[in-house]
Amino acid sequence: MPNQTHAKFVLRTSLTSPFGRKVRIAADVLGLADRIEIELATTVDENDTLRQQNPLGKMPCLLLEDGTPIFDSRVIIEFLQEIAGSHQLIPASGVGRYRALTRATLADGIADAALLIVYETRYRPPMPPEHSARWLAHQRGKIERALATFERAPPDPAHTDIVSISLSCALGYLDWRKPVEWRSQHPKLVKWLVRFTEHTPFYARSRPEDVK
Ligand SMILES: N[C@@H](CCC(=O)N[C@@H](CS)C(=O)NCC(=O)O)C(=O)O
């Protein structure tokens, strides 16, 4: 891979994607935002070049200057951290690294399950107008167990890392799409999100609700 020290990148994402939001926040925290141009992507459009860039048709996808695609959000954040010469978001090694990555995966699982609930409506034929109750309960179970785990041990709100970025974006997605009502049952997480938002101002500036 050519030297990336001064390179510019293209980020294929929508502004409402919780996973794209993770990357946008990470880029801001790492001081790389002005080297990343956002090119909006639409996952339902089969003519969108996203499907050539990432055959899975998922966003976010980062493009290097030579067109090399990098995905998924966690891999992009690893890449951005490396070119920033930082270990702020993901520890370099040791148990701390794998603990952070595991907790970040748990937080991403909330957004994954929430998306699958939203997609169940989007992709289901309109007639007969039936939801698959078992499928929805299966996804809600994942969300509830993951939220309960974070409620017992929220991250440090004064530390912006892969865990807090992933969790804040997952909670932001729950607030926006409302596949479950999470706030009444998770007072510690509600408090955590307020404090995280104060500590990481770009979080508020990247809200999907504000996207026109
Ligand atoms: N593990 C992936 C998940 C990405 C993902 O699911 N993105 C959604 C949008 S928020 C998507 O592209 N969905 C389209 C599809 O699944 O076809 C990541 O962390 O980037």
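Residues numbered from 1 in each chain as written. Predicted model: local features only at pLDDT ≥ 70, side-chain atom pairs only at ≥ 80, totals over all residues.

## Remarks on the overall build of the protein chain
- Across its full length, the protein chain holds eight helices and four strands.
- Counting from the amino terminus, helix and strand elements in the protein chain follow one another as β-α-β-α-β-β-α-α-α-α-α-α.
- A globule of 212 residues ought to have a C-alpha radius of gyration of about 17 Å, and the protein chain, at 17 Å, matches this closely.
- Counting only C-alpha atoms and orienting by the principal axes, one finds that the protein chain spans roughly 55 × 40 × 35 Å.
- The burial tally for the protein chain puts 35% of its 212 residues in the buried class.
- In the protein chain, the proportion of contacts linking residues at least 24 apart, taken out of those at least 6 apart, comes to 69%. (Helix = DSSP H or I, 4+ residues; strand = E, 2+ residues; numbered from the N terminus. Rg over C-alpha atoms; globule rule 2.2 N^0.38 Å. Buried ≥ 20, exposed ≤ 12 C-beta atoms within 10 Å, placed from the backbone. Contact = placed C-beta atoms within 7 Å.)

## Quick notes on helix H1 (residues 18-29)
- With 12 residues, H1 should cover 16 Å at 1.5 Å per step; its first-to-last C-alpha distance of 16 Å lies within 8% of that length.
- Those residues of H1 that fall on the buried side of the exposure criterion are Pro 18, Phe 19, Gly 20, Arg 21, Lys 22, Val 23, Arg 24, Ile 25, Ala 26, Ala 27, Asp 28 and Val 29.
- Check the buried side of H1 and you find it contacts strand S1 (9-13), strand S2 (36-40), helix H3 (73-84), helix H4 (94-123), helix H6 (162-177) and helix H8 (202-205).
- Gly 31 sits one or two residues past H1 and shows a positive phi near 75°. (Expected span 1.5 Å × (residues − 1).)

## Observations regarding the site of the ligand
- In the region of the ligand, 13 residues are neighbours, and Ser 17, Thr 43, Lys 58, Asp 72 and Ser 73 sit closest.
- Those elements that provide at least two residues to the shell around the ligand are H1, H3 and H4. (Near = placed C-beta within 6 Å.)

## A word on the sheet that holds strand S4 (residues 69-70)
- Strand order in this open sheet of four strands is S2-S1-S3-S4, and the pairing throughout is mixed. With partners counted over all chains shown, the strands left at the sheet margins are S2 and S4, one partner each.
- Across two bridges, the pairing between strand S3 (residues 61-63) and S4 is antiparallel. Residue Leu 62 lies in a different strand from S4, and its bridge partner there is Ile 70. (Pairing = 2+ DSSP bridges.)

## Here we look at the environment of Asp 66
- Looking at where Asp 66 falls in the secondary structure, it is placed in the loop between S3 and S4.
- A residue is classified by how many C-beta atoms lie within 10 Å of it, and Asp 66, with 8 of them, is exposed.

## Looking at the packing of H1 against H3
- Between H1 and H3, the least distance of the axes is 9 Å, while the angle of their chain directions is 10°. In terms of their interaxial angle, H1 and H3 are classed as roughly parallel. For the pair H1 and H3, the contacting residues are Phe 19, Lys 22, Val 23, Ala 26 and Ala 27 in the first and Ser 73, Ile 76, Ile 77 and Leu 80 in the second. (Axes fitted to C-alpha atoms, helices over the stretch in contact; angles between N-to-C directions. Parallel < 35°, antiparallel > 145°, perpendicular 65-115°, else oblique.)

## Points about the pairing of S2
- In the sheet, S1 pairs with S2 via five bridges, with the strands oriented parallel. Paired with Leu 11 across the strands is Ile 38, a residue of S2.
- Traced from S1 through H1 to S2, the parallel crossover comes out right-handed. (Right-handed = clockwise from strand over helix to strand, strands pointing away.)

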